[in-house]
Amino acid sequence: MMMTKELLIDMIEHEPEPFDFNSFVEKMIVIVKIERGLEDVRLGRTVPDEELDDFLFEKDWQNAISGDEFVKRTHQHIDELYSKE
């Protein structure tokens with residue numbers, strides 16, 4: 001997904017003064033990820049709930065991993081799913 005100049009200008013205009021650039025960049029990243037996810041749904045690139053449950057709960061909870069490790073593994077699994085295309 002490409003962000004348009006119009007969207008960037010609108011986002012900047014709604015930022016408070018003084019302007020926090022790091023916060024703004026984080027908001028842009030979230031918007032791009034949401035748009036990418038919506039596009040994936042439109043194209044049918046989704047993961048069935050059962051497959052996600054198997055990955056998230058059975059394997060990781062049994063191993064009693066930390067929250068950070070859980071997030072890391074979840075992102076790795078999602079990346080692997082997309083690389084199969």
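For the structure itself, consult the block above.
What you are looking at is a predicted structure, and each value in this text was computed from that prediction instead of being measured.

Trainee: Tell me about the packing of helix H1 (residues 5-13) against helix H2 (residues 21-42), and please be specific about residues and values.
Mentor: It is the contact of H1 with H2, at a shortest axis distance of 11 Å, that shows an interaxial angle of 135°. With respect to their mutual orientation, H1 and H2 come out oblique. H2 is crossed by H1, and the crossing has right-handed handedness. In this structure, H1 contributes Leu7, Leu8, Met11 and Ile12 to the contact, and H2 contributes Phe24, Lys27, Met28 and Ile31. Split by residue class, the contact of H1 with H2 holds seven nonpolar, no polar and one charged.

Trainee: Would you mind going over the pattern of salt bridges in detail, with residue names and values included?
Mentor: Going through the model one piece at a time under the given rule, you end up with three salt bridges. In this structure, Glu39 and Arg42 form a salt bridge, with 3.0 Å as the shortest nitrogen-oxygen distance. One end of the pair, Glu39, and the other, Arg42, are both in helix H2, three residues apart, so they sit about a helical turn from each other. Judged by relative accessible area, Arg42 falls into the exposed class, the value being 57%. A salt bridge links Arg45 to Asp40; the nearest nitrogen and oxygen atoms lie 2.5 Å apart.

The rules we used
Residues numbered from 1 in each chain as written. Predicted model: local features only at pLDDT ≥ 70, side-chain atom pairs only at ≥ 80, totals over all residues. Heavy atoms only, no water. Axes fitted to C-alpha atoms, helices over the stretch in contact; angles between N-to-C directions. Helix = DSSP H or I, 4+ residues; strand = E, 2+ residues; numbered from the N terminus. Parallel < 35°, antiparallel > 145°, perpendicular 65-115°, else oblique. Left-handed = near helix turned anticlockwise from the far one by under 90°. Contact = heavy atoms within 4.5 Å. Nonpolar A, V, L, I, M, F, W, Y, C, P; charged D, E, K, R; others polar. Salt bridge = Lys/Arg side-chain N within 4 Å of Asp/Glu carboxyl O. Buried < 20%, exposed > 50% of the residue type's maximum accessible area, 1.4 Å probe, protein only.

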